[in-house]
Amino acid sequence: MLVSDGRRAGPAAPGPPPSAASAVARFMLASLAAIAVVVVGGFFALRSVTVREAERDTRGRVELQGALVESAGLRDGLLTGDGEALGRLDDVVQGRLLSPSVVRVKLWSRDGRILYSDEPAIIGRRFALGEDERALFTEGGAEAELSDLSRPENRFERQEGKLLEAHTVIRTPNGTPVLFETYQRFDSLSASGGRLLRALAPTLLGALAVLLLVQAPLAWSLARRLQRGHRDRERLLERAIEASDRERRRIASDLHDGVVQDLAGVAFGLAPLADGAARRGDEAEAAALRESTGRLRQGVRALRTLLVEIHPPNLASAGLEATLSDLLSPLAAAGVATELHVDDPVAAGAGAADALVYRVAREALRNVQVHAGARHVRVEVVGAAPQTVRLTVADDGRGFDAGRRAARAGEGHVGLMLLEDLVAEAGGTLHIASAPGAGTTVTLEVGVA
């Protein structure tokens, strides 16, 4: 992408595909993470199910306990606080209901008065009944829920920790309905869920481990196939580039050895004819022949420039400095002052970076020649950092506005934009700085490795 002043930060050059072992390792780690999520989520889901089941069981249990109290311990005297009735009921509660899990039993009247509790301090006190408790007096059935220990009627249960309370309606011998309430430790329910989870966990984890072991060979096979596909694509790309290079070289060779030589020969042959016509005094014929010769020579130069465009010079044999000097020649011939500096280590050859340096320099100098109207151009190639080459092409021409450059790209002038993509693919950066009347500087940095 381009930053504010035209800088394009290309991504790192694509490296080799990850090894099959690392790909499978990542897959296994991701699978283990997924299994951990499933196990943790399963624990909480099972815990929630356990709580719901415990509430359902507690509703059934409180109805049975209420029936026991109704038949074995409930007397009408309970309604008036009769001591004998309270004592009989307390014997039933203490002997047959209270346990390490059931910590409290209460009986309520319809108006919210506590008729009985195994905690005598609250007998006779009144508290507001909840909507669900009041509904039981008319609808019957049973309810179970987590206790709100912050309520005043539960102050004697707060030291017991988290509790589950259950309610049902029973009747005294004369038919008066009273609310029977028990408080059960929630820890016992959690322990029950934990036992259930421990019982199921080995089977579930074993099944997940088997699934993971079955997937590992498949993941290995897929990773190897992806590696092979990556290598095949690289080979195809290399062959396509080689084929394109061979074809461009063949076309350039055919043009050079055919049309260019023929036109150069014709121009060479017309020159003596023009001189002969001049000696005979036929100035019209001499002028026509000289004009034709000039056009042929101009055509030969244009064709040779086209040959360089189709297939650049052999950088390995000619060297970077010589090829850049050739690029500057047309500008020097047009009267533009040119300056070229190439560091000796860079001139000795920077490998694959040479071709990219040449392409960027060629495009930048073409823009100078066609658009800039510059009086001076400087080309510099230096080693910017270890294993990095920097190309700078600077001119003192008319420059351009960045917004106008984007508009020209929309009109089809995309030379520099294509170069930016090419540089990005090579893992380099391309910086284009320009302003109207201030010239243009194109800077390329690319690794030589």
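This structure is a prediction, so every number in the text was calculated from the model and none was measured. (Residues numbered from 1 in each chain as written. Predicted model: local features only at pLDDT ≥ 70, side-chain atom pairs only at ≥ 80, totals over all residues. Heavy atoms only, no water.)

Overview of the side chain of Glu-181
Inclusion rule: Secondary structure is summarised from DSSP: a helix means a run of H or I of at least four residues, a strand means a run of E of at least two, and numbering begins at the N terminus for each. For the purposes of these results, a polar contact is taken to be a pair of N or O atoms within 3.5 Å, where, inside protein, one atom must be able to donate a hydrogen and its partner to accept one; residues adjacent in sequence count only when each atom of the pair is a side-chain atom. We call two residues in contact whenever any of their non-hydrogen atoms come within 4.5 Å of each other.
Topologically, Glu-181 is positioned in strand β6 (residues 177-185). Separated by 2.9 Å, the side chains of Glu-181 and Trp-108 make a polar contact. For Glu-181, the residues in contact, after removing those within four places along its chain, are Arg-104, Val-105, Lys-106, Trp-108, Glu-165, Ala-166 and His-167.

Considering the environment of Gly-60
For clarity, the threshold we go by: Buried, partly exposed and exposed residues are distinguished by accessible area as a fraction of the type maximum, computed with a 1.4 Å probe on protein chains only: under 20%, between the cut-offs, and over 50%, respectively.
Following the sequence through the fold, Gly-60 ends up in helix α1 (residues 20-72). With a relative accessible area of 29%, Gly-60 lands in the partly exposed category. For the pair formed by Gly-60 and Gly-141, sequence separation is 81 residues and the distance between their alpha carbons is 9.4 Å.

Quick look at the nonpolar core
For clarity, the cut-off: Each nonpolar core is a collection of buried residues, namely Ala, Val, Leu, Ile, Met, Phe, Trp, Tyr and Cys, held together in the definition by side-chain atoms within 4.5 Å.
Ranked by internal contacts, the top residues of the largest apolar core, which has 31 residues, are Val-360, Val-377, Leu-391 and Leu-444. Of all the secondary-structure elements, those providing two or more residues to this core are α7 (320-333), α9 (353-372), β8 (376-385), β9 (388-395), α11 (415-425), β10 (429-434) and β11 (440-447). For this core, the element with the highest residue contribution is α9, accounting for ten residues. Apart from the residues lying within four places of it in its own chain, the contact partners of Val-360 are Leu-391, Leu-419, Val-423, Leu-430, Val-442 and Leu-444. Ranked by size, the runner-up nonpolar core spans 19 residues in total, among them Val-62, Leu-89, Leu-97 and Val-105.

Overview of the sheet that holds strand β2 (residues 102-108)
Stated formally: Strand pairing requires that DSSP identify at least two bridges connecting the strands. Every axis in this analysis is a line fitted to C-alpha atoms, fitted for helices over the stretch in contact. Angles between the N-to-C directions lie between 0 and 180 degrees.
Strand order in the open sheet formed by five strands is β3-β2-β6-β5-β4, and the pairing between neighbours is antiparallel. Strands at the two margins of the open sheet, each flanked by one partner only, are β3 (114-117) and β4 (142-146). Averaged over all pairs of adjacent strands, the angle between strand axes in this sheet comes to 20 degrees, irrespective of strand direction. Looking at chain direction, β2 and β6 are connected through six bridges and run antiparallel. The residue of β6 that forms the bridge with Trp-108 is Leu-179. Of the strands in this sheet, β2, β3 and β6 are in contact with helix α2 (residues 83-97), which crosses β3 at around 45 degrees.

Concerning the packing of α7 against α9
Heads up, the rule is: Each angle receives one of four descriptions, namely roughly parallel if under 35 degrees, roughly antiparallel if over 145, roughly perpendicular if within 65 to 115, and oblique otherwise. Each residue receives one of three labels: charged for Asp, Glu, Lys and Arg, nonpolar for Ala, Val, Leu, Ile, Met, Phe, Trp, Tyr, Cys and Pro, and polar for the others, Gly being one of them.
Between α7 and α9, whose axes approach to 10 Å, the crossing angle comes to 10 degrees. By the angle between their directions, the pair α7 and α9 is classed as roughly parallel. When α7 is examined against α9, the residues Leu-320, Thr-323, Leu-324, Leu-327, Leu-328, Pro-330 and Leu-331 are found in contact with a partner set consisting of Asp-354, Val-357, Tyr-358, Ala-361, Arg-362, Leu-365, Val-368 and Gln-369. Split into classes, the residues belonging to the contact of α7 with α9 amount to eleven nonpolar, two polar and two charged.

Quick look at the pattern of salt bridges
Heads up, the condition is: Between Lys or Arg on one side and Asp or Glu on the other, a salt bridge is scored when a side-chain nitrogen of the former is within 4 Å of a carboxyl oxygen of the latter.
The final tally for this structure, using the stated rule, is 14 salt bridges. A salt bridge links Glu-157 to Lys-106; the shortest N-O distance between them is 3.2 Å. Linking Glu-157 in the loop between β4 and β5 (163-171) with Lys-106 in strand β2, this pair joins segments that are 51 residues apart in sequence. Residue classification places Lys-106 among the buried positions, given a relative accessible area of 0%. In this structure, the salt-bridge partner of Arg-280 is Glu-285, at a minimum N-O distance of 3.2 Å. The exposed category is assigned to Arg-280, whose relative accessible area is 57%. If you follow the salt bridges from partner to partner, you end up with Arg-104, Lys-106, Asp-118 and Glu-157 in one network.

Examining the environment of Leu-107
Position of Leu-107 among the secondary structure elements: in strand β2. Between the C-alpha atoms of Leu-107 and Ile-170, which are 63 residues apart in sequence, the distance is 9.3 Å. Those residues within four positions of Leu-107 in sequence are excluded, and the remaining contacts are Leu-74, Leu-78, Leu-89, Arg-113, Ile-114, Leu-115, Tyr-116, Ile-170, Val-178, Leu-179 and Phe-180.

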